[in-house]
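# Examination of the molecular architecture
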Protein chains: 4
Amino acid sequence: MSKREQILYSTLELITELGFHATPMSLIIKKSNAAAGTIYHYFKSKEDLIDTLYSDLKEEMGKAIIQNLDLELNYKEKFFLICNNLFSFFTENPKKFEFLEDYANSPLIHKEIKEINRRHYQQALDFIESGIQIGMLRELPLILMINLIFGNISCFSRMIILEEIEPTEELLNKVIQSSWDSVKIN
Amino acid sequence: MSKREQILYSTLELITELGFHATPMSLIIKKSNAAAGTIYHYFKSKEDLIDTLYSDLKEEMGKAIIQNLDLELNYKEKFFLICNNLFSFFTENPKKFEFLEDYANSPLIHKEIKEINRRHYQQALDFIESGIQIGMLRELPLILMINLIFGNISCFSRMIILEEIEPTEELLNKVIQSSWDSVKIN
Amino acid sequence: MSKREQILYSTLELITELGFHATPMSLIIKKSNAAAGTIYHYFKSKEDLIDTLYSDLKEEMGKAIIQNLDLELNYKEKFFLICNNLFSFFTENPKKFEFLEDYANSPLIHKEIKEINRRHYQQALDFIESGIQIGMLRELPLILMINLIFGNISCFSRMIILEEIEPTEELLNKVIQSSWDSVKIN
Amino acid sequence: MSKREQILYSTLELITELGFHATPMSLIIKKSNAAAGTIYHYFKSKEDLIDTLYSDLKEEMGKAIIQNLDLELNYKEKFFLICNNLFSFFTENPKKFEFLEDYANSPLIHKEIKEINRRHYQQALDFIESGIQIGMLRELPLILMINLIFGNISCFSRMIILEEIEPTEELLNKVIQSSWDSVKIN
DNA sequence: GATGAATGAGACTTCATTCAT
DNA sequence: TATGAATGAAGTCTCATTCAT
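Note on numbering: residues in each chain are counted from 1, in written sequence order. Throughout, the order in which chains and ligands are written sets their labels, letters from A for the former and numbers from 1 for the latter. Owing to the predicted nature of the model, reporting of local features is limited to residues with pLDDT of at least 70; listing and counting of side-chain atom pairs is limited to 80 or more, with chain, interface and lining totals taken over all residues. To get the side-chain values, take all heavy atoms of the structure and skip hydrogens and water.

## A look at the relation of the copies chain B and chain A
Relating one copy of the chain to the other requires a rotation about an axis plus a shift along that axis. Expressed as a screw operation, the relation of chain B to chain A combines 0.0 Å of axial shift with a rotation of 179 degrees, fitting to an RMSD of 0.2 Å. Both copies of the chain, as the preceding transformation shows, are related through a two-fold rotation axis. Scanning chain B for the C-alpha nearest the rotation axis identifies Ser182 of chain B, at a separation of 2.2 Å. The contact criterion used throughout is that any non-hydrogen atoms of two residues lie within 4.5 Å. Of the residues that chain B buries at the interface, 97% are likewise interface residues in chain A, meaning the two copies contact each other through the same surface. All copies are superposed by least squares; the fitting set is the C-alpha atoms of residues with a pLDDT of at least 70 in both.

Here you go:
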């Protein structure tokens, strides 16, 4: 593994393990066996480093949500599959979830970064768009619809992670059904 | 204004103006004309001070969302009114919105604080609960339903505030309709 | 109990329980149910308050060491009794011991306070002086002799308290014998 | 001098000049021309820095007490030499003496640090141990015997430093004789 | 006598970042 | 490429003490 990769890998480990706020550069330096200067050789700033990781996690998440999407399912079933995938990713990776959420709302985030990351969701976006075109989904701005759907799942996931409610298969299905009802054409 | 009130007021101003992370004690000290020790006389820690403010803002928000609720409206109309109120509060107070969101997800927050603040939403909770009882709304855990509805509105509000989409009366109505569809009994 | 007594009592409790360094005024204020101003009404400063307590403990210690001294014992036996008393007082009151030691070496201490406290040891001083006069003890400055003897016992006590050596009756006797041999006329 | 040495040197100077309690980090920073961060680069905490200095002074003291020990002297004469050395070190370096005493009794001190420092006294320990083996000294725990002997000298030294008694060659000899009598086999 | 709100200097430490090597 | 010593502003908080009531 190259030094640059070591740095990225260690940062990812630390940030998904300790969370966004509890990961100072000093720890990254230690864990990656890289000198401070080396990190700043590859990354302009801590922000830049975190940006990269944010993209990595977004990509991972992007892949996770479309898992098994190519199965022979109808549109609604695919919708449910994606939501299930998202829920699984979040609850199976609570620290990644936390980082993604923290960072998404962080004042640090750059619009351009957000733009770039959109490509990881192209398939998901395409899926929603096709739903509109075939008359299954309402005519809402694409990006808004995605945010609403994903927001619902992430809201539910957080409650599960924080143990504010009991996780059951049935409840999850009800929540996804809610999401579906909120975007499907009556 | 008493010293304690000065401190709270100044902190509120600063935190809603600069955001959660950009408000160090030193600034609060300057703005409130209080000595450091004075702040720690009234509040156990910075966290304690912020907790108090969080509660204050939650209370303000709690009042905002039930504005005009006693009008002669039917259930669905009241639902729309509450969502409208929430949206207005968020978009008219973007910094308060930011603080509330940041802090709600902050690792600093205490469960007990959350519990206490629940009372500010009693009317809203009661409204939802009654909706379930009269057969208008689905049987989902109360706290989950609130989170989903409010989550939708806050997700939409954030996009407006961040200028990711254009705010129109029509779009707002569509979003609220989505929320309604997600919890109403088909 | 008068307010002044409450203050003294609470300070004593705190200082013998928490030790010299872990007892700020704020704690004394809380425990004594007295206002800060009240303490400064009775005592010029924290130092003054501690001085008073130091004297109290010194007096208690002074009484402890001459316990049972009036028994029909010969000179050497009385010497051993005093040393035993001192050892018991130290090891049975390790926190008082700690405070006494800390404070005795503290730069805060005033010569005058030391002078005043000397009266609590008048009996012990007299006992040593008489030992010199009757030819049992060497001709060393009285205050030096006391310090050496008490220093030995306190050194031994500290090792017991810190569990650096095992306490046995036999070892204690050997240590006292050492002290005796160091001052007795061969 | 390297930065680390500058820091250590300045701290030593300050601490032996001002005493243990009157030496805040800010002064060390100023005197050593090092940034705060630099100090924490080399030392985990203030305590760690002080630990190091304590060890340094203990080492210096360890060397001082065995000065000229290799002369052709008999056992008792060597004993007197060591005690004389110790007395000289204390009275010629009253501030170091004060720091050593303060710190030795400080609650901050770690047992492990004490253990490590024991090696600086190996020669002295060996000397005492050999005394026991050749039948000159009593059978007391080694560490206790050292403490008692050194305690006596340090007690005497303090009285000299605080000007509680007049220093004379004769008195010093009497005190060492006392120590000798307290451990020698009659 | 008694209160306790108010003081503010100063305590230790952390942090992202730089730069000479 | 890679190092890591050095930076120093800024962070939160504690403390003995004062003074108007």
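## Quick look at the interface of chain B and chain A
Of the residues lining the interface, 30 residues belong to chain B; the matching set on chain A comes to 29 residues. Together, the buried faces of chain B and chain A total about 2600 Å²; carbon and sulfur atoms form 57% of this surface. When the area that chain B buries against chain A is broken down by residue, the three leading residues are Asn105, Leu144 and Leu148 of chain B, summing to 18%. Should a side-chain nitrogen of Lys or Arg be within 4 Å of a carboxyl oxygen of Asp or Glu, the pair is scored as a salt bridge. Applying the counting criterion to the chain B and chain A interface returns two salt bridges. Of the charged contacts in the structure, one is a salt bridge between Asp181 of chain A and Arg138 of chain B, with a shortest N-O distance of 2.4 Å. The definition of a polar contact used here is a pair of N or O atoms within 3.5 Å, where within protein one atom must be able to donate a hydrogen and the other to accept one, and adjacent residues in sequence count solely through side-chain atom pairs. Taken together, the links from chain B to chain A amount to nine residue pairs in polar contact (both at pLDDT 80 or more). Per the convention used, a helix needs a DSSP run of H or I reaching at least four residues, while a strand needs a run of E reaching at least two, with both numbered from the N terminus. If you list the elements that add at least two residues to the side of chain B that touches chain A, you get helix H7 (111–117), helix H9 (142–161) and helix H10 (169–183) of chain B. No other element matches the nine residues that H9 of chain B contributes to the side of chain B that touches chain A. Summed over both partners, buried area is the accessible surface (1.4 Å probe) that two parts give up on being assembled.

## Brief notes about the domain arrangement of chain A
Residue and element names in this part refer to chain A. Along its sequence, chain A is organised into domain 1 (1–43) and domain 2 (54–183). On a C-alpha basis, the centroid separation for the pair domain 1 and domain 2 is 28 Å. Each side of the interface is counted separately: domain 1 has seven residues, and domain 2 has nine residues. Summed over both partners, the interface of domain 1 with domain 2 buries about 680 Å², with 75% contributed by carbon and sulfur atoms. One can count zero salt bridges joining domain 1 with domain 2. Segmentation of the chain into domains, including their bounds, is taken from an automatic or database domain assignment.

## Description of the protein's contact with DNA strand F
It suffices for a single heavy atom of a residue to lie within 4 Å of a molecule or strand for the residue to be listed as near it. In the region of DNA strand F, 31 residues are neighbours, and Gly37 and Tyr42 of chain A, Tyr40 of chain B together with His41 and Tyr42 of chain D sit closest. Close to the protein, within 4 Å, the atoms of DNA strand F belong to sugar or phosphate groups at a rate of 65%. Contacts to DNA strand F include Tyr40 of chain C, whose side-chain N or O atom sits 2.9 Å from a phosphate oxygen. One of the side-chain nitrogen or oxygen atoms of Thr38 of chain D is found 2.8 Å away from a phosphate oxygen of DNA strand F. Secondary structure elements with two or more residues in the surface near DNA strand F: helix H3 (36–42) of chain A, helix H2 (25–32) and helix H3 (36–42) of chain B, helix H3 (36–42) of chain C together with helix H3 (36–42) of chain D. For the surface near DNA strand F, the class distribution of residues is 16 nonpolar, 11 polar and four charged. Only Asp, Glu, Lys and Arg are considered charged, only Ala, Val, Leu, Ile, Met, Phe, Trp, Tyr, Cys and Pro nonpolar, and every remaining residue, Gly among them, polar.

## Some words on the packing of helix H4 (residues 46–65) of chain D against helix H6 (residues 94–104) of chain D
Residues and elements named next belong to chain D. Between H4 and H6, whose axes approach to 10 Å, the crossing angle comes to 125 degrees. Looking at the two axes, H4 sits oblique to H6. The two elements H4 and H6 cross, and the hand of that crossing is left-handed. The residues of H6 that touch H4, namely those facing Glu47, Ile50, Asp51, Leu53, Tyr54, Leu57, Lys58, Glu60 and Met61, are Lys96, Phe99, Leu100, Tyr103 and Ala104. Here an axis means a line fitted to C-alpha atoms, over the contact stretch when the element is a helix, while the angle between two N-to-C directions is reported on a 0 to 180 degree scale. Angle categories are assigned with fixed cut-offs, so that under 35 degrees is roughly parallel, over 145 is roughly antiparallel, 65 to 115 is roughly perpendicular, and the rest are oblique. When the near helix sits turned anticlockwise from the far one by under a right angle, the crossing is termed left-handed; a clockwise turn instead gives a right-handed crossing.

## Structural notes on the pattern of salt bridges
With the rule as written, the count across this model stands at 32 salt bridges over all chains. The salt bridge involving Glu59 of chain C is made with Lys63 of chain C; its shortest N-O contact spans 3.5 Å. Of this pair, Glu59 of chain C and Lys63 of chain C both sit in helix H4 (residues 46–65), separated by four residues, roughly a single helical turn. Only protein chains enter the accessibility calculation, which uses a 1.4 Å probe. A residue is then buried if its area is under 20% of the maximum for its type, exposed if over 50%, and partly exposed in between. Overall, Glu59 of chain C belongs to the partly exposed group, its relative accessible area being 30%. Residue Lys63 of chain C is classed as exposed on the basis of its relative accessible area of 55%. Put simply, Arg138 of chain A together with Asp181 and Lys184 of chain B are held in one network by salt bridges that share partners.

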